[in-house]
Amino acid sequence: MSEPPRDERDREEERDSHPLRRVTQRTFEGLIDQHVRAAEEAGEFRDLPGAGKPLKLDDDAHVPEELRTGFRMLKNAGYAPPWIELQKSIREEQGRLAAWLAQSNRRWPALGPTDRGQLRAEYEQRLRDLNKQISSYNLTAPPVAGQLPLLQPWRELRKLGDE
């Protein structure tokens, strides 16, 4: 294939360099490359924080591909999707409940029947509240994130007074 005549090439170059030229995917990517190259030559990428260190890539395999960018932006801004926040809240509540159970079990031997009944009722209420949170999470989390198992109150109540 032969080269186009000189004045035709000049017209193409003039058209490509014109500021009002039509932007296509190819010309847009070319423009980005030009800006990056110019910034690199000007030394704007020297001494960046984290330079020379491995990238910390989050495992977002459980997030649908079309949501990953949005979720990453939320995370970088200090926010998380509601179901992630709910999952964190559930984990924190599970920790508080375990600490409460350990403390209650230490007090259990010294308690009378009335106080034991009150502790049992409080524990049942805490279990119901936690199960509500877990149910809410299971309804809002994407299927690929997995479901959290509900607590079985009859099994959990056996832990009260065990120690």
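Procedures and definitions
- Residues numbered from 1 in each chain as written.
- Predicted model: local features only at pLDDT ≥ 70, side-chain atom pairs only at ≥ 80, totals over all residues.
- Heavy atoms only, no water.
- Salt bridge = Lys/Arg side-chain N within 4 Å of Asp/Glu carboxyl O.
- Helix = DSSP H or I, 4+ residues; strand = E, 2+ residues; numbered from the N terminus.
- Buried < 20%, exposed > 50% of the residue type's maximum accessible area, 1.4 Å probe, protein only.
- Contact = heavy atoms within 4.5 Å.

Asker: Any chance you could break down the pattern of salt bridges for me, citing the residues and the numbers?
Answerer: For the coordinates displayed, the defined rule picks out 4 salt bridges. In this structure, Lys88 and Glu85 form a salt bridge, with 3.7 Å as the shortest nitrogen-oxygen distance. On the criterion of helical spacing, the pair formed by Lys88 and Glu85 is a turn pair, its members being 3 residues apart in helix H4 (residues 82-107). Its relative accessible area of 43% is what places Lys88 among the partly exposed residues. The partly exposed category is assigned to Glu85, whose relative accessible area is 34%.

Asker: Can you explain the side chain of Ser104? Please cite residues and give values.
Answerer: Mapped onto the elements, Ser104 comes out in helix H4. The exposure class assigned to Ser104 is buried, which follows from its relative accessible area of 1%. Beyond its immediate chain neighbours, meaning those up to four positions away, Ser104 contacts Leu119 and Leu160.

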